[in-house]
Amino acid sequence: MSLLDYFRSRLRPTSAQAAKERLQIIVAHERGGNNDEPDYLPAMRKDILEVISRYIAIEQDQVNVHFDDSSDCSILELNIALPESPTRISTTPPVVATETSES
Amino acid sequence: MVAKIVVVTSGKGGVGKTTSSAAIGTGFALRGLKTVIIDFDVGLRNLDLVMNCERRVVYDLINVINEEATLSQALIKDKRTDGLYILPASQTRDKDALTVEGVQRVLDELSGVFDIIVCDSPAGIEKGALTAMYFADEAIIVTNPEVSSVRDSDRILGILQSKTKRAAEGREPVKEHLLITRYSPERVKKGEMLSIQDIEEILAVPLLGVIPESKSVLKASNQGLPVILDSVSVAGQAYGDAVDRFLGQEVEHRFINPSRMAIFKRMFGGE
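Along each chain, residue indices are assigned from 1 in the same order as the chain's sequence is written. Think of it this way: whatever chain is written first is A, whatever ligand is written first is 1, and the rest follow in order. Side-chain atom pairs in this predicted model are given and counted only at pLDDT of 80 or more, local residue features only at pLDDT of at least 70, and totals for whole chains, interfaces and linings cover all residues. Computation of side-chain values covers all heavy atoms of the structure but excludes hydrogens and water.

(A) Up close: the overall build of chain B. Counting its regular elements, chain B contains 13 helices and 8 strands. It is over C-alpha atoms that the radius of gyration is taken, and the globule rule equals 2.2 Å times the number of residues to the power 0.38. Rg of the C-alpha trace for chain B: 18 Å, near the compact-globule value of 18 Å for 271 residues, within the 12% margin. Residue burial in chain B is summarised as follows: out of 271 residues, 55% are buried. The contact criterion used throughout is that any non-hydrogen atoms of two residues lie within 4.5 Å. Considering only intrachain contacts with a sequence separation of at least 6, the fraction spanning at least 24 residues in chain B is 74%. Computed with the Shrake-Rupley method and a 1.4 Å probe, the accessible areas treat only the protein chains shown as cover for residues. Of the roughly 12000 Å² of accessible surface on chain B, a fraction of 50% belongs to carbon and sulfur atoms. In this tally, Lys and Arg are treated as positive and Asp and Glu as negative; His is ignored, and so are the chain termini. A single reference atom marks each charge: NZ on Lys, CZ on Arg, CG on Asp, CD on Glu. The averaged location of the 37 negative side-chain charges in chain B is 5 Å from the averaged location of its 33 positive side-chain charges. Runs of H or I in DSSP of at least four residues are treated as helices and runs of E of at least two as strands, each being numbered from the N terminus. The cut-offs for exposure are 20% and 50% of the maximum accessible area for each residue type, with area from a 1.4 Å probe on protein chains only; residues under the lower value are buried, those over the upper are exposed, and the others partly exposed.

Structure below.
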């Protein structure tokens, strides 16, 4: 590395900085994210989100599914922040069962 | 007499747990503490090779747990350092042979004879690693300045705080010490490697020592010599400092800045 490279490298973010930032994020996530949460939680989170978005236009990050496992009981906490004026996706229920009444 | 139990752990493999166990255990003995190093890596033992006693292994930890041998039959007295013993792991059994009750019994018996018990943990977070740390009073977390090692160390810290005997009994938590190995001040300076401060900031564990990347570590293990006995090498000296700090001395960190030669090379376009 020459003297010129040395000063040039001061300007760009280094790979060590990238490493540090990535680590800070993943470590914070893994510490906060309860490591004892059941395996099915991510899939369930996805299903719940799907069901809700069938009725209300909602962003993914507005649904918060949290699992708490203490020694004597487990709590599944579902926290959904609804938009200020919920826009309904459609007025008819998504299950198509209206046609069958005529016979 | 109650011995202090120290686990050397990391989560990730290949970061220097056995090298560090051998060096630090030898360091304790050199400072007059009666020391035993136990290899918990059942099925993949290597402490015997690093300590150059592989041909003297007759009985092992699992034999003692299963009462097929007594402790005095299984303990190997180190030929170089007074007051230092090695308890090898079994090479043929699997980790299920390690029982908490069995290990408890062995540690209780050792505790009456030794000042300090160093538990060399296997990699991973399975039974061998969990048993090695379960009874620990203090833990040395060996970390390389590298993303996967730091992440695994963080995971191990979480387990130390929740799955040890001290945690189960609600006693004072296991005292944690960070040992950074394979550190290269030159590469840190270039921005190619996580710095001591970066790692400390992420893991938030008091720093016990920094072992610089050094050719003498491989050379020592080739010969079955704990690197701390190579008192000329920077790694050997850094381990010596770490041992002194562990025993309560204030020692300034050395070898954490680029050597003058390296700065010189950098300025004028050497490698």
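(B) Expanded view of the pattern of salt bridges. What makes a salt bridge here is a side-chain nitrogen of Lys or Arg within 4 Å of a carboxyl oxygen of Asp or Glu, nothing more. Applying the stated criterion to the full structure yields 16 salt bridges over all chains. Note that Asp154 of chain B and Arg31 of chain A form a salt bridge whose closest N and O atoms lie 2.4 Å from each other. Taken together, the positions of Asp154 of chain B in helix α7 (residues 147-162) and Arg31 of chain A in helix α2 (residues 15-32) put the pair across two chains. Between Asp82 of chain B and Lys77 of chain B there is a salt bridge, with the nearest N and O atoms lying 3.9 Å from each other. Residues participating in the shared-partner salt-bridge network are Lys20 of chain A together with Asp198 and Glu201 of chain B.

(C) Structural context of the pairing of strand β7 (residues 175-183) of chain B. All names here are of chain B. With 7 of 9 residues buried, β7 is to be regarded as a mostly interior element. Note on pairing: DSSP must find at least two bridges between two strands before they are called paired. In the sheet, β7 pairs with strand β8 (residues 207-212) via 4 bridges, with the strands oriented parallel. Bridge pairing in β8 links Tyr183 to Pro212.

(D) The arrangement of helix α6 (residues 127-134) of chain B in detail. Residues of α6 of chain B that are buried: Gly128, Ala129, Thr131, Ala132 and Met133 of chain B. Where α6 of chain B is buried, its residues contact β1 (4-9), α5 (100-111), β5 (116-120) and α7 of chain B.

(E) Expanded view of the packing of α7 of chain B against helix α10 (residues 196-203) of chain B. Residues and elements named next belong to chain B. Lines fitted to the C-alpha atoms define the axes, with helices restricted to the stretch that makes contact. Angles between their N-to-C directions range from 0 to 180 degrees. The N-to-C vectors of α7 and α10 enclose an angle of 35°; their axes lie 10 Å apart at closest approach. Pair α7 / α10 crosses with right-handed handedness. Counted together, Val150, Ser153, Asp154 and Leu157 of α7 and Ile199, Ile202 and Leu203 of α10 form the full contact between these two elements. Its residues assigned to classes, the contact of α7 with α10 shows 5 nonpolar, 1 polar and 1 charged. Crossings are sorted by hand: turned counterclockwise from the far helix by less than a right angle, the near helix makes the crossing left-handed, and turned clockwise it makes it right-handed. Residues are sorted three ways: Asp, Glu, Lys and Arg are charged, Ala, Val, Leu, Ile, Met, Phe, Trp, Tyr, Cys and Pro are nonpolar, and all the rest, Gly among them, are polar.

(F) Just the packing of α2 of chain A against α7 of chain B, in detail. Between α2 of chain A and α7 of chain B, whose axes approach to 10 Å, the crossing angle comes to 25°. Classified by the interaxial angle, the pair formed by α2 of chain A and α7 of chain B is roughly parallel. In this structure, α2 of chain A crosses over α7 of chain B, and the sense of that crossing is right-handed. Mapping the contact onto sequence places Ala19, Leu23, Ile26, Val27, Glu30 and Arg31 of chain A in α2 of chain A and Val147, Val150, Arg151 and Asp154 of chain B in α7 of chain B. Comment on the angle field: the value is read as roughly parallel under 35 degrees, roughly antiparallel over 145, roughly perpendicular from 65 to 115, and oblique elsewhere.

(G) Seen up close, empty space enclosed by the protein. All names here are of chain B. For each structure, a 1 Å grid was placed over the protein atoms alone; sets of points admitting a 1.4 Å probe that cannot get out are labelled cavities, open sets with protein on both sides within 12 Å along at least five of seven lines are labelled pockets, and lining residues have an atom within 4 Å of a point. Grid points are joined across faces, edges and corners, and a volume is the space filled by probe spheres set on the points. Counting across every chain of the model gives 1 cavity of 30 Å³ or more. A volume near 40 Å³ is recorded for the largest cavity. Forming the boundary of the largest cavity are Thr19, Ala22, Val50, Val217, Ala220, Ser221, Leu225, Pro226 and Val227. At the level of elements, α1 (17-30) and α11 (215-223) are the ones that each hand at least two residues to the lining of the largest cavity. Counting residues per element, the lining of the largest cavity draws most heavily on α11, which supplies 3 residues. Classifying every residue of the lining of the largest cavity by side-chain character gives 7 nonpolar, 2 polar and no charged.

(H) Region of the structure containing unusual backbone geometry. All names here are of chain B. The phi dihedral of Asn52 is positive, around 55°, even though this residue is not glycine. You can see Asn52 is positioned in the loop between α2 (47-50) and α3 (61-65). The class of Asn52 is partly exposed, set by a relative accessible area of 34%. If you check the backbone angles, Phe255 has positive phi at about 60° while not being a glycine. Looking at the element boundaries, Phe255 is found in the loop between α12 (234-246) and α13 (260-267).

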